[in-house]
Amino acid sequence: MSSEDTAKPNAERTHCWRGRGIAFTPLEITDAELLHRWRSDPVAAHETGVWPGSLYELTERIERQLDDNSRDDFLVLLPDGTPVGLIALYDQQLAEGTAEAYLMLAREHRGRGHAVAALDALTDLAFGELPMHRIEAFTHTDNAASLTVLAAAGFASEGVRRSSCFHRGRRYDNAVLSLLRAEWEALDRPRSWEL
């Protein structure tokens, strides 16, 4: 693993929310280079279906999104401050009580339980602090890792959006999953504020 692959710990970041072994800190414009490196990973680009684009474009997008009241974007941090991923609750429709979850982990931090911990913390935020009733998530139907993480966080499969994503010269189906407030309430696990 090269030194560029590992993000430097930043224990000075404000932790605005916590989960099992992770914390959230608000996304900042200065995080653009780190996110650009994560998004440039071929596995992440394939799984998210998003071409990484330029650093300039990503920086401009982050700056616009910081003013968007319908989304909350966070870096996921380990206890020592090491950033391991990005998680977001976006397209928040407070009147309807709906939003969409997004998660991307750095390559070197996948498969260690951070994804489930981050999704658990995000849903605790959505249902425990915000008036959400339904959180949706979408991923390629062949993305077994993401489907496993979503199921472990309590998300239920609803169906498939056929041929809804074009990436690397071919069409992909997207799985549609969701977690409802009543399902979250029934989960037998500690909530973020109990940790």
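See the structure shown above.
A brief structural summary. (Residues numbered from 1 in each chain as written. Predicted model: local features only at pLDDT ≥ 70, side-chain atom pairs only at ≥ 80, totals over all residues. Heavy atoms only, no water.)

Before going further, it helps to examine the environment of R37. Mapped onto the elements, R37 comes out in helix α1 (residues 32-39). Judged by relative accessible area, R37 falls into the partly exposed class, the value being 27%. For the pair R37 and A144, spaced 107 residues apart in the sequence, the C-alpha separation amounts to 23 Å. (Helix = DSSP H or I, 4+ residues; strand = E, 2+ residues; numbered from the N terminus. Buried < 20%, exposed > 50% of the residue type's maximum accessible area, 1.4 Å probe, protein only.)

Once that is clear, we can look at the pairing of strand β2 (residues 22-26). The buried fraction of β2 amounts to four of the five residues, a majority that puts the element mostly inside the structure. Across three bridges, the pairing between strand β1 (residues 17-19) and β2 is antiparallel. Across the sheet, W17 pairs through a bridge with F24, a residue of β2. Where β1 folds back onto β2 in an antiparallel hairpin, the turn is made up of two residues, including G21, whose phi is positive at roughly 75 degrees. Judged from the four bridges that link them, β2 and strand β3 (residues 72-77) form a sheet pairing that is antiparallel. (Pairing = 2+ DSSP bridges.)

On the secondary structure map, L177 appears in strand β8 (residues 170-180). Overall, L177 belongs to the buried group, its relative accessible area being 4%. For the pair L177 and P79, spaced 98 residues apart in sequence, the C-alpha separation works out to 29 Å. Residues within four places of L177 in sequence aside, it is in contact with I135, E136, A137, T139, L147, L150, F155, A156, S157 and E158. (Contact = heavy atoms within 4.5 Å.)

A word on unusual backbone geometry. Even without being a glycine, D91 presents a positive backbone phi close to 50 degrees. Tracing the sequence through the fold places D91 in strand β4 (residues 83-93). Residue D91 is classed as partly exposed on the basis of its relative accessible area, which comes to 41%. A positive phi is found at S163, a non-glycine position, where the angle reads about 50 degrees. You can see S163 is positioned in strand β7 (residues 156-167).

Bear in mind that shape data such as this cannot, by itself, settle questions of function.
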